[in-house]
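Architecture and fold: a report
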Amino acid sequence: SFVMTIEGLTFWEAVKRLAEQNGIPLPKQSLASDDATKLRASLYEMHEIALDHFRENLAAKGGETTRAYLRQRGVTEESVRHFGMGLAEQGSRLTRILESRRFSREQMEASGLIGRRDDGSLYDRCRNLRMFPIHSETGKIIAFGGRALDPEDKAKYMNSPETGIYKKSQILYNLIRANKTAMQASSLVLVEG
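Residues numbered from 1 in each chain as written. Predicted model: local features only at pLDDT ≥ 70, side-chain atom pairs only at ≥ 80, totals over all residues. Heavy atoms only, no water.

**Here's the deal with the nonpolar core**
Residues F54, L94, L98 and F144 are the most contacted members of the largest nonpolar core, which totals 26 residues. Per element, the largest residue contribution to this core is 7 residues, and it comes from helix α3 (residues 35-59). (Core = buried A, V, L, I, M, F, W, Y, C linked by side-chain atoms within 4.5 Å. Buried < 20%, exposed > 50% of the residue type's maximum accessible area, 1.4 Å probe, protein only. Helix = DSSP H or I, 4+ residues; strand = E, 2+ residues; numbered from the N terminus.)

Structure below.
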């Protein structure tokens, strides 16, 4: 119950997490039997696909300008890999990728990665942005933050909306990387801005 409340997990996710942490094998039956667990699993999978897509975009020919900008700002290739930085290009390629992977319209909209226009068509919510994945405390990708590529863009930043796996008030960006160091030092300083 504590794990479910603090981490916002469904019952079966909490059972699986505790079993994994304590080395207890689970029966091979499907633990994703309820709709909420199935939806959460699809949200996690779509975010992994999005991360791969954004990273491939940055590494591709179309990402050269962004890579040059990052180099000019002193961001090394190692840092790009370490932090999972990527590029969301113009257009709706991520939407097409998720459709080809057979995710439903409802799942795609619930992910926060895909939006729906008034005419019902779907589109990539993240476009023309440098992308940064946001991880849960267990390391799963649950959202993205983006920085506009065009300095004239009105919205300089775009973050994922809250979803079934992402509640902004419950997440501390990059905690997954600071956690081990903070535990060893037995202290952590938080700053905002």
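**Looking at the packing of aromatic side chains**
Here the structure, examined in full by the defined rule, presents 1 aromatic pair. With a centroid separation of 5.0 Å and 90° between ring planes, the pair formed by F54 and F144 is classed as edge-to-face. You can see F54 sitting in helix α3 and its partner F144 sitting in strand β5 (residues 141-148), a full 90 residues away along the chain. When sorted by exposure, F54 lands in the same class as F144, which is buried. Cation over ring: K140 sits above Y44, and NZ or CZ is 4.3 Å from the ring centre. One Lys or Arg, R147, reaches over the ring of Y157 and ends 4.7 Å from the middle of that ring. (Phe/Tyr/Trp six-rings, centres within 6.5 Å; stacked < 30°, edge-to-face > 60°. Lys NZ or Arg CZ within 6 Å of the ring centre and 35° of its normal.)

**Side note on the pairing of strand β4 (residues 129-135)**
Residues in a regular strand point their side chains to alternate faces of the sheet. Burial analysis of β4 places 6 of its 7 residues in the buried class, which makes it a mostly covered element. Inspection of the sheet shows strand β1 (residues 86-88) paired to β4 by 3 bridges, in the antiparallel sense. If you follow G86 over to β4, its bridge partner there is M131. Pairing of β4 with β5 involves 7 bridges; the strand directions are antiparallel. (Pairing = 2+ DSSP bridges.)

**Topic: unusual backbone geometry**
Across residues other than glycine, the phi torsion is negative in most instances, and most of the peptide bonds are trans. Of note in the backbone geometry, R102 takes a positive phi value of approximately 70° without being a glycine. Looking at the secondary structure, you find R102 in the loop between α6 (93-100) and α7 (105-111). A positive phi angle, near 60°, is found at N128, a position not held by glycine. Considering the arrangement of structural elements, one finds N128 in the loop between β3 (122-124) and β4.

**Some words on the side chain of R130**
Tracing the sequence through the fold places R130 in strand β4. Put simply, R130 is tucked away with no salt bridge, and the nearest opposite charge, on D153, sits 9.8 Å away. When sequence neighbours within four positions are dropped, the list of residues in contact with R130 reads T66, Y69, L70, G86, G145, G146, R147, A148 and L149. (Lys, Arg positive; Asp, Glu negative; His and termini not counted. Salt bridge = Lys/Arg side-chain N within 4 Å of Asp/Glu carboxyl O. Contact = heavy atoms within 4.5 Å.)

**Describing the sheet that holds strand β6 (residues 157-159)**
As summarised here, the arrangement of the 4 strands in space is β1-β4-β5-β6, forming an open sheet in which the pairing is antiparallel. The open sheet has two free edges, formed respectively by β1 and β6, since each of these has just one partner strand. On average, each strand axis in the sheet is inclined to that of its neighbour by 35°, with strand direction left out of account. The sheet contact formed by β5 and β6 spans 3 bridges and is antiparallel. Of the residues in β6, the one forming a bridge with R147 is Y157. (Axes fitted to C-alpha atoms, helices over the stretch in contact; angles between N-to-C directions.)

**Regarding the pairing of β5**
When you tally the buried positions in β5, you get 7 out of 8 residues, the bulk of the element. As consecutive antiparallel partners, β4 and β5 are separated by 5 residues, and within that stretch G139 has a phi angle of approximately 95°, a positive value.

**Considering the pattern of salt bridges**
Within this structure, the stated rule accounts for 6 salt bridges. In this structure, R71 and E64 form a salt bridge, with 2.9 Å as the shortest nitrogen-oxygen distance. Residue class for R71 comes out partly exposed when judged on its relative accessible area of 46%. Here R116 and E109 are joined by a salt bridge, their closest N and O atoms 3.1 Å apart.

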